[in-house]
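# Coordinates in review
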Amino acid sequence: MKRLAALVLSVILIVMGGSYADAKTNIQAEITEMLNGKDATIIIRDLKTDKEFIYNKERSKRRYTPESTYKVPHALIGLKTGAVKDEYEVKRWDGTVRQFPDWNRDHTLASGMRYSVIWYYQSMASDIGEERMEENLELMDYGNEDISGGIDSFWLDSSLKISALEQTDFYEDLVEESLPYDKQQMRTVKRIMINDEQDDYIIHGKTGTRLSDFGLGWYTGYVETDKGNWVFAVNLDGNGTEAKNLTVEVLKKLHIIPEN
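Presented here is an overview of the structure given in this document.

Rules behind the numbers
Residues numbered from 1 in each chain as written. Predicted model: local features only at pLDDT ≥ 70, side-chain atom pairs only at ≥ 80, totals over all residues. Heavy atoms only, no water. Helix = DSSP H or I, 4+ residues; strand = E, 2+ residues; numbered from the N terminus. Contact = heavy atoms within 4.5 Å. Pairing = 2+ DSSP bridges. Expected span 1.5 Å × (residues − 1). Buried < 20%, exposed > 50% of the residue type's maximum accessible area, 1.4 Å probe, protein only. Polar contact = N/O pair within 3.5 Å; in protein donor to acceptor, adjacent residues only side chain to side chain. Phe/Tyr/Trp six-rings, centres within 6.5 Å; stacked < 30°, edge-to-face > 60°. Lys NZ or Arg CZ within 6 Å of the ring centre and 35° of its normal. Patch = residues over 30% accessible without salt bridge, like charges linked within 9 Å, V, L, I, M, F, W, Y side chains within 5 Å. Areas by Shrake-Rupley, 256 points an atom, 1.4 Å probe, with all protein chains shown as cover. Salt bridge = Lys/Arg side-chain N within 4 Å of Asp/Glu carboxyl O. Lys, Arg positive; Asp, Glu negative; His and termini not counted. Charge placed at Lys NZ, Arg CZ, Asp CG, Glu CD. Axes fitted to C-alpha atoms, helices over the stretch in contact; angles between N-to-C directions. Parallel < 35°, antiparallel > 145°, perpendicular 65-115°, else oblique. Left-handed = near helix turned anticlockwise from the far one by under 90°. Nonpolar A, V, L, I, M, F, W, Y, C, P; charged D, E, K, R; others polar.

## Focus: the side chain of Q185
For Q185, the position within the fold is in helix α9 (residues 183-192). Residues contacting Q185, with those up to four places away along its chain left out, are L76, L79 and K80.

## Overview of the pairing of strand β7 (residues 194-197)
In this structure, β7 lies alongside strand β8 (residues 201-209), joined through three bridges in antiparallel fashion. Paired with D196 across the bridge in β8 is I203. Connecting β7 to the antiparallel partner β8 that follows it, the hairpin turn spans three residues.

## Comments concerning helix α10 (residues 240-253)
With 14 residues, α10 ought to run about 20 Å at 1.5 Å a step, and its terminal C-alpha atoms sit 20 Å apart, in line with that. Restricting attention to buried positions, one finds in α10 the residues G240, A243, L246, T247, V248, V250, L251, K252 and K253. Close packing links the buried residues of α10 with α2 (27-35), β1 (40-46), β2 (52-55), β8, β9 (217-225) and β10 (228-236). Between a side-chain oxygen at the N-terminus of α10 and the backbone nitrogen of T241 the separation is 3.0 Å; the capping residue is N239. Positioned one or two residues after α10, H255 has a phi angle of 60°, which is positive.

## As for the packing of aromatic side chains
For the structure on display, the rule yields 10 aromatic pairs. Relative to Y120, the ring of W119 has its centre 6.1 Å away and its plane inclined at 55°; by these criteria the two rings are tilted. Accessibility classification places W119 together with Y120 in one group, the buried group. Ring pairing ties together the aromatic residues Y70, Y142, F154, W155, F170 and Y171, which thus form one cluster. When the ring centre of Y120 is taken as reference, the NZ or CZ atom of K91 above it lies at 5.7 Å.

## Regarding a negative patch on the surface
Negative charge collects at one region of the surface, where E130, E131, E134, E135, E138 and D141 lie side by side. Along the chain, E138 turns up in helix α7 (residues 130-140).

## Re the side chain of T247
Relative to the elements of secondary structure, T247 occurs in helix α10. Judged by relative accessible area, T247 falls into the buried class, the value being 1%. The residues touching T247, leaving out its near neighbours within four places in the chain, are Y219, F232 and V234.

## Concerning the packing of helix α4 (residues 71-81) against helix α8 (residues 164-175)
Look at α4 against α8: their axes get within 11 Å of each other, and the N-to-C directions meet at 45°. As far as their axial angle goes, α8 and α4 are oblique. As for how α4 packs across α8, the hand of that crossing is left-handed. In contact with V72, P73 and L76 of α4, α8 contributes F170, Y171 and L174. Residue composition of the contact of α4 with α8, grouped by class: six nonpolar, no polar and no charged.

In structure tokens form, the structure reads like this:
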């Protein structure tokens, strides 16, 4: 019922730090201006009221490859299946020099999330195996649940696809700890997602970039404040950093987080 209530809302007003009336009434136009011709969608859902702000509703329903935003469900699956013991378990770097310097060292589940280390999660995917991976994607109802693109790459410009709306639903379940996983496992994943921790808010998020052409960028996750929680999913024709920057600006304009 909660999701049904959310879906029947169109552009939807979120109340935080004041009323939505305090937010700029032309925010849709402001977002279009910020995008400078790029296509994008933004969903921000208030978990207390189920109200949403949506920019580009049509695109919000369109499925794209999750890229590195898949590290969030992937980490859950790794913990549940025992492919990793905890957030501190180390996988040794194989010595292969990769395109990002931060990847060229040993990593844990937590640092692999923080630095978006593909090789770490590819290794974990092989340990999980196809059967258990498929079972867990079905348990989560995660996108099209298609791993036919290969156990070490199905989420990277390949077969697995998910919409921004579906990402938002996934994060709602994660925040409310209603996924079919141990609560401690969900809390571990939420903790290693922290991007920005301030006195009055915490942003838990994960970027994703289609590295083949840098033509798809994601930022997904949720915001904690003393007034409540908001889940978000943003994708655009660009990279994950652009998606993250856009998300933060919109969160400020909606008074979910402070401007300064």
